Amino acid sequence: MPAGGFSVSAPSGVEFEAKITPIVIISCIMAATGGLMFGYDVGISGGVTSMDDFLGKFFPEVLRKKHQDKESNYCKYDNQGLQLFTSSLYLAGLTATFFASYTTRRLGRRLTMLIAGVFFIIGVILNGAAQDLAMLIAGRILLGCGVGFANQAVPLFLSEIAPTRIRGGLNILFQLNVTIGILFASLVNYGTAKIHPWGWRLSLSLAGIPAVLLTLGALFVVDTPNSLIERGHLDEGKAVLKRIRGTDNVEPEFNEIVEASRIAQEVKHPFRNLLQRRNRPQLVIAVLLQIFQQFTGINAIMFYAPVLFNTLGFKSDASLYSAVITGAVNVLSTLVSVYSVDRVGRRMLLLEAGVQMFLSQVIIAVVLGIKVTDHSDNLSHGWAIMVVVMVCTFVSSFAWSWGPLGWLIPSETFPLETRSAGQSVTVCVNLLLFTFVIAQAFLSMLCHLKYAIFVFFSAWVLVMSVFVLFFLPETKNVPIEEMTERVWKQHWFWKRYMDDDNHHIVNGNGKINANNGASV
Ligand code: BGC
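Here the structure is a predicted model, which means the values were calculated and not measured. (Residues numbered from 1 in each chain as written. Predicted model: local features only at pLDDT ≥ 70, side-chain atom pairs only at ≥ 80, totals over all residues. Heavy atoms only, no water.)

A. Geometry of the overall build of the chain. Counting secondary structure elements, the chain contains 22 helices and 4 strands. Among the 520 residues that make up the chain, the fraction classed as buried is 59%. Of the contacts made within the chain by residues no fewer than 6 positions apart, 79% connect residues no fewer than 24 positions apart. (Helix = DSSP H or I, 4+ residues; strand = E, 2+ residues; numbered from the N terminus. Buried < 20%, exposed > 50% of the residue type's maximum accessible area, 1.4 Å probe, protein only. Contact = heavy atoms within 4.5 Å.)

What follows is the structure, encoded as structure tokens:
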């Protein structure tokens, strides 16, 4: 019996029949909690590593230095030793995502999310109870494995299970949870910083909430029809398809997934396959989107925001105001994206945001360049408010564009045969950049380039917007298993990489099979 729901009608009339069923919405909400964990981890480290109790226990050297030096305004976060503590999570995550590629393909999206949840729970316990540095780092590594597995499986799960017409909006629930996780973490840190000497333990332990939510979620959701069919469970796949689409008329979509999975089954080396010429467009786009997402400068701005709020006069509460204001803008603007991504499309959001991000960064650079020196913040109240408004303008446009779309687009553009491998590369590049470029390089650059770093980022925003204009195809309202035919083969530039007649697949012997791609 199909579940109830209301119909989604396609403008072009080519859409598969699908209702927005409660089971789809609930499954997506549960799976998306995987994003909470990533966001919480991103948001919690900075606060914890500035708590004296934490430093005194694990990094006494750093604590001594902290109280000796009078740091420049721009250099507060330039500390390589501590960055390594932060980085251990991301390094583990980027390695784990390759194992997760195997499990998402062989064991399914749902089980991979469950594995992520278990990693998270053990990691949180080790961190919260840490007695020495080894225990602390071991916990961070397990959390990183959780991030690797969750960021691999969740975006794929969401993109596959969602009806085409609202795929973008449901996928962005992942990023919405990332932003909620960041906000929640900053608020927790604000509260626990006042609890001595174990406030940091509470900060690290509260990650248990998202960890348990994801684990429970993964226990209750159904796997995606695409994954079930890919693993040979055809009947179950069809039954799930009927349930989630709220109709018995699923034959066309079912056949399309069966065909995609037939091709996928022949692939023995997904990563080698990913490197083939015909998969070049998706690979290039996935990697570039991650590079561009990080080179918007979002994380440098988020780290730097508390310093700016300091200059507003909220001396001791600067970090709270900063967290609440930028964090709330981040969450609310992500909602704008949930609503509009399937209406106005991915390209429109990215292009509009490009203008907003460029202008806000140039204004921030000019004001800071003229008004702020290393050790004095002679920014008058009026100018400081101007900068804060520009920071919010920047964060909001990031939140409805590069933030969510950096995850959405790679998860929906790869064909089934390379989807897991493609997502691994996406997660790996994201975490690699986050670790080395953002955590290590950008924060040192902020210290040396000072306000000019925002000029640097605005130049990148220009580059990425031009790229979107010419090279990023629109994927709105295109069924996920039809991307090759309806998007890549039609694109003025990328179509040259699409081999029309033959479908080459690297099989187990390293030989190349040719497929004519006929329908079953
Ligand atoms: C990015 C993170 C960033 C966050 C901000 C995510 O999509 O991957 O690097 O901190 O958005 O909301």
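Picking up after the structure, the text goes on.
B. Quick look at the site of the ligand. Among the 13 residues in the neighbourhood of the ligand, the closest are listed as Gln175, Gln293, Gln294, Asn299 and Asn330. A distance of 3.0 Å separates an oxygen atom of the ligand from a polar atom in the side chain of glutamine 293. Relative to its unbound accessible surface of 310 Å², the ligand loses 100% to contact with the protein. Among the detected pockets, the ligand sits in the largest cavity. Of the residues forming the shell around the ligand, the biggest block, 3 residues, is contributed by helix 7 (residues 167-192). (Near = heavy atom within 4 Å. Polar contact = N/O pair within 3.5 Å; in protein donor to acceptor, adjacent residues only side chain to side chain. Areas by Shrake-Rupley, 256 points an atom, 1.4 Å probe, with all protein chains shown as cover. 1 Å grid on protein atoms, 1.4 Å probe; cavity = no way out; pocket = protein on both sides within 12 Å on 5 of 7 lines; lining within 4 Å. Sits in = over half its atoms within 2 Å of the grid points.)

C. The pattern of salt bridges, seen in detail. All chains considered together, the criterion is met by 17 salt bridges. Of the charged contacts, one joins arginine 262 and glutamate 266 as a salt bridge, the two residues approaching to 3.4 Å between their closest N and O atoms. In this structure glutamate 266 comes out as partly exposed when scored by relative accessible area, which is 23%. When salt bridges that share partners are traced, they join Arg105, Arg109, Glu160, Glu230, Arg419 and Glu481 into one network. (Salt bridge = Lys/Arg side-chain N within 4 Å of Asp/Glu carboxyl O.)

D. Region of the structure containing the packing of helix 14 (residues 280-295) against helix 19 (residues 402-413). Taken N-terminus to C-terminus, the directions of helix 14 and helix 19 make an angle of 165 degrees; their axes are 9 Å apart at the nearest point. In terms of their interaxial angle, helix 14 and helix 19 are classed as roughly antiparallel. With respect to the hand of their crossing, helix 14 and helix 19 are arranged in left-handed fashion. Taking contact as the criterion, the partners of Gln282, Ile285, Ala286, Leu289, Gln290, Phe292 and Gln293 in helix 14 are, on helix 19, Trp402, Gly403, Leu405, Gly406, Trp407, Ile409, Pro410 and Thr413. Split into classes, the residues belonging to the contact of helix 14 with helix 19 amount to 9 nonpolar, 6 polar and no charged. (Axes fitted to C-alpha atoms, helices over the stretch in contact; angles between N-to-C directions. Parallel < 35°, antiparallel > 145°, perpendicular 65-115°, else oblique. Left-handed = near helix turned anticlockwise from the far one by under 90°. Nonpolar A, V, L, I, M, F, W, Y, C, P; charged D, E, K, R; others polar.)

E. Inspection of the side chain of serine 424 at higher detail. Note on placement: serine 424 falls in helix 20 (residues 416-449). For serine 424, the side chain forms a polar contact with the main-chain oxygen of threonine 97, separated by 2.9 Å. Apart from the residues within four sequence positions on either side, serine 424 is in contact with Thr97, Phe98, Ser101, Gln152 and Phe271.

F. Representation of a nonpolar patch on the surface within the structure. On the surface, Leu187, Tyr321, Val324 and Ile325 cluster together to form a nonpolar patch covering roughly 290 Å² of accessible area. The greatest single-element share of the nonpolar patch, amounting to 3 residues, is contributed by helix 16 (residues 318-340). Structurally, tyrosine 321 can be placed in helix 16. (Patch = residues over 30% accessible without salt bridge, like charges linked within 9 Å, V, L, I, M, F, W, Y side chains within 5 Å.)

G. Quick look at helix 18 (residues 381-399). Taking 1.5 Å as the rise per residue, helix 18 with 19 residues should run 27 Å; its terminal C-alpha atoms sit 27 Å apart, in good agreement. Every buried residue belonging to helix 18 is among Ala384, Val387, Val388, Met390, Val391, Cys392, Phe394, Val395, Ser396, Ser397, Phe398 and Ala399, and all of these are buried. (Expected span 1.5 Å × (residues − 1).)

H. Layout of the side chain of threonine 475. Tracing the sequence through the fold places threonine 475 in the loop between helix 21 (452-471) and helix 22 (483-486). A relative accessible area of 1% means that threonine 475 is categorised as buried. A distance of 3.4 Å separates polar atoms of two side chains, one belonging to threonine 475 and the other to arginine 346. The contact partners of threonine 475, leaving out residues within four places of it in the chain, are Arg167, Arg346, Glu412, Thr413, Met483 and Val487.

I. Highlighting the nonpolar core. Formed by 142 residues in total, the largest nonpolar core has its most connected members in Phe54, Met113, Phe120, Trp402 and Phe454. The element that contributes the greatest number of residues to this core is helix 20, accounting for 12 residues. Not counting the four nearest positions on each side in its chain, methionine 113 is found in contact with Ala31, Ala153, Val154, Phe157, Leu214, Ala218 and Val221. (Core = buried A, V, L, I, M, F, W, Y, C linked by side-chain atoms within 4.5 Å.)

J. Up close: the environment of alanine 239. Considering the arrangement of structural elements, one finds alanine 239 in helix 11 (residues 234-245). Overall, the relative accessible area of 42% leaves alanine 239 in the partly exposed class. Residues alanine 239 and proline 225, 14 residues apart in the sequence, show an inter-C-alpha distance of 8.5 Å.

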